[in-house]
Amino acid sequence: MTVQKTERPPSGPTDVLKSDGEQPKDPGKARFRATALTPYLLLLPAIAGTLLLLGWPLVNNGLISFQNLNMRQFILHLTEWNGIDNYKDVLGDEEFWRVTGRSIAFTAINVVLIMAIGTLVGLLLARLGKKMRLLLLFGLVLAWAMPIIAATTVYQWLFAQRYGVVNWVLAKLGWSSMAEYDWMGGQYSTFFVIITLIVWQSIPFVAINLYAATTTIPKELYEAAALDGADAWKSFKNVTLPYLKPFLFATTFLEVIWVFKAFPQVFAINEGGPDRLTEILPVYAYIEGFGNQHYGMGAAISLLTIVILLSLSFYYLRLVLKQEEDEL
Amino acid sequence: MKRKLIAAIGVAGMLVSVAACGGDDKDKKSGADGFKGETLTLWAMDGSTPDAWTKDVKAAFEKKTGAKLKLEVQQWNGIQQKLTAALSEENPPDVFEIGNTLTPAYAKTGGLADLSDLKKSIGADWTESINASSVVDGKQYAAPWFVLNRVVIYNKKVWADAGIKELPKTRDDFYAALKKIGDKTDAEPIYLPGQNWYHFVGLTLGEGAELVKKDGDKYVSNLADPKVTKAMETYQKFQKLSKAPKNKDEATPQQAEVFAKGKTGAFIGMSWEAATAVKANPKIEKDIGYFTIPGATAAKPEGVFLGGSNFAVAATSEKQELAKEFLKIALSDKYEGALAKESGVIPNKKALESNLKGNAAAEAAAPASAGGGTTPLIPEWGAVENPPNPIKNYMTAVLNGDSPADAAKKVEGEFNERLAKKQ
Amino acid sequence: MKRSLFGRTWPNVVAVLLFIGLVFPVYWMFATAFKPTGDIISEDPVWIPFDATFEHFKTAAEADHFWTMVMNSVTVTVLAVVFALIVGLASAFALARMRFKGRRGFIVGFMIAQMAPWEVMTIAIYMLVRDADMLNSLVPLTFFYTIMILPLTLLTLRGFVAAVPRELEEAAMVDGCSRIQAFRRVILPLLAPGLMASSLFGFITAWNEFALVLVINKEAEAKTLPVWLNGFQTVYGDDWGATMAASSMFAIPILVLFVFLQRRAVAGLTDGAVKG
């Protein structure tokens, strides 16, 4: 099992290369003993840096979330503790629950699409001849490589109201009402653009890794299945699927975490608009915090988002740790 | 004036020497170039500082104080987030332009220095209505710079091509003229994006409508008022003639730059936007004309939003004296008059309004300004203008086919929440 | 196994359609960037830019501060990657080769750090950086990016270090190398692919980062390309040619890096050189 990233790793190679790394060894057998301090010294920069630049902001975020921190306090650097008022406000505001529900639905739709299409494309890769496979891999790698903000900009152009190529195609296909359709004007149409973008960006990761995983399935298993008289579907169900299950499981979680915090895509496409109707939790936290200048509230929303993400991450970690048990 | 200037210098000198007594050796300054080596950072909004005025004021300021002036031009969209952050930082802009509708909100934050003494020294004859937004709880938190209202800026050539001989006097004439342009030429009759909310505010003023109303001691949305609806319907009628995006405001893209391409009959903008157009396409200059936005009847022009700008000094700026020196120069009769002349904006003193004579844009703006107004000058208002501004969203919703009542309902929650949030 | 004509054809047809769908946005970006404005705003799209022009690239490259921001992006990204590699390699070595108390805890800790939601911590980070008077500087940005990409770098390298046969290292040490020499002469070369792979990840993460720089570096002199590109559209509005040229220039380094490493990737994949 090789997958252990939350940020989408940008290319295929690493997974391939990395995977041959995990050979369980017993470090206790080391003949050459360094002093007991050496490992800690080696780890020190990484740990100190992480605590300072990740841990401290996290703690600070917690502290801010218990403060009344608006324009005035912000400008004058005042610290006004207000207990759990921000949380009361946030949790008592139906807007928060609406955004949370929206974030969950948004994540679910994206992940289902990404996993379904990604898996199918991965299986297709395994079935193609060498030339076609290379062609499709090239397309996947290109979509994968596209930087996020460049991609959002391009999608804005593809879906532009005037001269946008999508509207032109739709009009030519007979939907004449789509000729000057304003995709950013409605909640669902904006989400459609964002979801298309995220799915497009995400399929390559799933497809390429899934294809890589299928190549590791021992041929003998298929031969055995064929001897048992299994048809294509049966051998997929009995051989391929069980083999890929842990991979699919882990990838699904990664995609969930990744899509849940897809701030740049949503923000850059339409800043959560129209009417704040496409805000997902990280964007909501930003708009409430920086946009509406209720920094304490924003921090409280951030913390709630972090809690949700952490619980998702823990579930994923348990999964990974179980698989890596021997090595740790 | 001369006397005042001398007095001003005297006051400044006194304050400086008091500061010097404090033992802060940074403040050892006196005479003409006592500020040598310092740099005053000025934030001005996009369009407010015309070239010649900026150059002259900079030269005068640098000559008088020996300090440098660094002008940083800001965009309106998202200015509050940027300003709040900057005011909280170690090195805020020393002097900044702030919109009149935002001034009360910032006065309440403690981020603006008290300019009461400046008012005493140079502001005795500031026009009261223009100064109103700068005064909160009896204290002077900013210095009024200018106000102005929008006019119709049109392309004479396009109008001639359409065979229009006379400038419209009523809203219906205006519409008919634009229609004619649409029929007879291949130009876009008017460029009016869906979120030119300042123009919309003007229309509501014309209908005598209020955007907010009092509900007990709180302000709440009044967008559902039939008068607001009427204003929106007028906006929509004209917007239908435009191909401009319904979900963008007049600055994205800059409407003057669209107009500069010569394929637009007219747009509703501020006098200085003509300069923006000329910069983008010098050939357009000879075709640019202005007229007052026509109202329902020929007797009364359309309601307009009196957009105003004040100068404020950051409370935490270490260059309070230098900042005031700058204000005394920039707001002096000489440069205030020059600004009125160059940009066609209404200056902060009645006596200087004569500078507007002969400025075509200003002459077109003047008839409407008497009937102009602003958004409510309450501290709660600042939050409303933060993006996503619910009024802009209301406009886009209507233009995209919602009934005004539905659209008002849609944004009401957000609007009220913003008006109610503690500062 | 025999397959019908249909059975043989459909995968290829689907593959071609997918290929078009995947590549089209990237193609359209470049195509638009090269098209004269008249072709961009034409009622029927011009599919191939026959009258290619560099005009839009010129507009974008001559935009205020473009080159400053290129320099900023490159500086921040490269430094962050290098720092993360150095710090990460030291830690990876400890975690893969040494046994000590808390080792497992550290690994889990870095796995959690890897999922850190930086996007929602911007308020806290802004205030810390502000109070340290370090806004609009590349220094905090570089260090934050280092920590952002460190967990992935570290965990990836751990796998590679563990994969180097211990016997090799031991053999080197028998030959009289010190442990450090053994590491430098024997292990490091074997780690090259791992270093390359993790720097690629790191590079992309830092190059793409948007939320943090949006908040802590508001001055043009200290912005990076993603924020510039996002703001470019506001300034250039409907000038899609220039906007797409700007996007292209932002995307090219990453695309080139990929094409450069892609052969290795695809070769590795097609050879089935993957172990579970």
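Residues numbered from 1 in each chain as written. Chains lettered and ligands numbered in written order. Predicted model: local features only at pLDDT ≥ 70, side-chain atom pairs only at ≥ 80, totals over all residues.

Q: Would you explain the overall build of chain C in this entry?
A: When helices and strands are tallied, chain C shows 12 helices and zero strands. Reading the secondary structure of chain C in the N-to-C direction produces α-α-α-α-α-α-α-α-α-α-α-α. Computed over the C-alpha atoms, the radius of gyration of chain C is 24 Å, more than 25% above the 19 Å expected from 2.2 N^0.38 for a compact globule of 276 residues. Across the 276 residues that make up chain C, the buried fraction comes to 49%. (Helix = DSSP H or I, 4+ residues; strand = E, 2+ residues; numbered from the N terminus. Rg over C-alpha atoms; globule rule 2.2 N^0.38 Å. Buried ≥ 20, exposed ≤ 12 C-beta atoms within 10 Å, placed from the backbone.)

Q: What is the right way to look at the confidence of the model for chain C in this model?
A: Close reading of the predicted structure is inappropriate where its pLDDT is low. Residue and element names in this part refer to chain C. Scored by pLDDT, chain C has a mean of 86; 93% of the residues are at 70 or more. This stretch, residues 265-276, has a pLDDT under 50; its non-local contacts, to residues over four places away or in other chains, come to 27 contacts. Taken together, the chains of this predicted complex give a pTM of 0.84 and an interface ipTM of 0.88. (pLDDT = per-residue confidence, 0-100. Contact = placed C-beta atoms within 7 Å.)

Q: How should the pairing of strand β2 (residues 68-74) of chain B be read in this particular structure?
A: Residues and elements named next belong to chain B. Bridging between strand β1 (residues 39-45) and β2 involves seven bridges; their strand directions are parallel. Across the sheet, residue Thr39 finds its bridge partner in β2, namely Lys68. In this view, the connection linking β1 to its parallel neighbour β2 by way of helix α2 (residues 51-65) has right-handed handedness. (Pairing = 2+ DSSP bridges. Right-handed = clockwise from strand over helix to strand, strands pointing away.)

Q: Explanation requested: the domain arrangement of chain C in the structure shown.
A: By convention, interface size is frequently given as the accessible area that disappears when the constituent parts associate. Residues and elements named next belong to chain C. The domains assigned to chain C are domain 1 (5-53) and domain 2 (64-270). One C-alpha centre belongs to domain 1, the other to domain 2; they are set 32 Å apart. Where the side of domain 1 that touches domain 2 is concerned, the elements lending two or more residues are α1 (5-34) and α2 (37-40). Take the side of domain 1 that touches domain 2: its biggest share by element is four residues, from α1. Classifying every residue of the side of domain 1 that touches domain 2 gives four nonpolar, two polar and one charged. (Domains from an automatic or database assignment. Nonpolar A, V, L, I, M, F, W, Y, C, P; charged D, E, K, R; others polar.)

Q: Please clarify how the nonpolar core should be interpreted in this entry.
A: If you look at soluble globular proteins, the nonpolar side chains tend to sit buried side by side. In this structure, B:Ile153, C:Ile149 and C:Val161 are the most contacted members of the largest nonpolar core, which totals 297 residues. Apart from residues lying up to four places away in sequence, C:Ile149 is in contact with C:Ala80, C:Val81, C:Ala84, C:Phe201, C:Gly202, C:Thr205 and C:Ala206. (Core = buried A, V, L, I, M, F, W, Y, C linked by C-beta atoms within 7 Å.)

Q: So what exactly am I meant to see when it comes to helix α7 (residues 138-163) of chain C here?
A: Two residues of an α-helix separated by three or four positions point the same way, owing to the 3.6 residues in each turn. Under the 1.5 Å per step criterion, the end-to-end length of α7(C) is 36 Å for 26 residues, consistent within 8% with the ideal 38 Å. Taking the largest bend as the criterion, α7(C) deviates by roughly 40°, centred on C:Leu150, and proline C:Pro151 comes between one and four positions later. (Expected span 1.5 Å × (residues − 1). Bend = angle between axes of the 7 residues up to and from the residue.)

Q: Explain the environment of A:Ala262 here, please?
A: Residues and elements named next belong to chain A. Among the secondary structure elements, Ala262 is positioned in the loop between α11 (232-260) and α12 (263-270). Overall, Ala262 belongs to the buried group, with 23 C-beta atoms counted inside 10 Å. Once the C-alpha coordinates of Ala262 and Ile280 are considered, the two residues, 18 residues apart in sequence, prove to be 8.4 Å apart.

Q: Explain the packing of helix α10 (residues 226-239) of chain B against helix α17 (residues 390-399) of chain B here, please?
A: Packed helix pairs are characterised by how far apart their axes lie and by the angle those axes make with each other. Residue and element names in this part refer to chain B. Between α10 and α17, the least distance of the axes is 10 Å, while the angle of their chain directions is 60°. With respect to their mutual orientation, α10 and α17 come out oblique. Crossing handedness for the pair α10 and α17: right-handed. Across from Met232, Tyr235, Gln236 and Gln239 in α10, the residues of α17 making contact are Met395, Val398 and Leu399. Taken together, the residues of the contact of α10 with α17 break down into five nonpolar, two polar and no charged. (Axes fitted to C-alpha atoms, helices over the stretch in contact; angles between N-to-C directions. Parallel < 35°, antiparallel > 145°, perpendicular 65-115°, else oblique. Left-handed = near helix turned anticlockwise from the far one by under 90°.)

Q: Any chance you could explain the interface of chain C and chain A here in plain terms?
A: Taken residue by residue, the interface counts 101 residues in chain C and 99 residues in chain A. Counting residues per element, the side of chain C that touches chain A draws most heavily on helix α12 (residues 240-270) of chain C, which supplies 17 residues. Taken together, the residues of the side of chain C that touches chain A sort by class into 71 nonpolar, 21 polar and nine charged.

Q: I'm lost on the confidence of the model for chain A in this one. Help?
A: For chain A, mean pLDDT is 85; residues scoring 70 or higher make up 88% of the total. Contacts from residues 1-32 of chain A, a stretch scored under 50 in pLDDT, to residues over four places away or in other chains number 97 contacts.

Q: Explain the environment of A:Leu128 to me, please; I cannot follow it from the model alone.
A: Structurally, the position occupied by A:Leu128 is in the loop between α5 (94-127) and α6 (130-145). Under the C-beta neighbour-count criterion, A:Leu128 is labelled partly exposed, with 18 such atoms within 10 Å. Setting aside chain neighbours within four positions, we find A:Leu128 in contact with A:Arg133, A:Leu136, C:Pro11 and C:Ala15.

Q: Sorry if this is basic, but what is going on with the sheet that holds strand β13 (residues 307-313) of chain B here?
A: The strands that make up a sheet pair up through hydrogen bonds in the backbone, lying either parallel or antiparallel. All names here are of chain B. One open sheet holds the six strands; their spatial order is β2-β1-β3-β13-β6-β14, and the pairing between them is mixed. Edge positions in the sheet fall to β2 and β14 (346-347), since each has one partner strand and no second. As judged from the five bridges shared by strand β3 (residues 95-99) and β13, these two strands associate in the antiparallel manner. When the bridges of β13 are listed, Ile98 appears paired with Asn310. Along the sheet, helix α13 (residues 320-330) makes contact with β1, β3, β6 (143-148) and β13, crossing β13 at roughly 145°.

Q: I would appreciate a short explanation of the interface of chain B and chain A in the present structure.
A: Contacts between the two partners involve 27 residues from chain B and, on the opposite side, 22 residues from chain A. Those elements that provide at least two residues to the side of chain B that touches chain A are α3 (79-88), α4 (103-109), α17 and α18 (404-420) of chain B. Class assignment of the residues belonging to the side of chain B that touches chain A gives a composition of seven nonpolar, 13 polar and seven charged.

Q: For this particular structure, what's the right way to read the UniProt feature "transmembrane region" (unreviewed entry) in chain C?
A: Residue and element names in this part refer to chain C. The UniProt feature table records "transmembrane region" (unreviewed entry) at residues 12-30, 74-95, 107-129, 141-165, 186-207 and 240-261. Split by type, residues 12-30 is 100% helix and 0% strand. Its first and last C-alpha atoms lie 26 Å apart. Helix makes up 100% of residues 74-95 and strand 0%, whereas the separation of the span's terminal C-alpha atoms amounts to 31 Å. (UniProt positions renumbered as here; feature names shortened; annotations may be inferred.)

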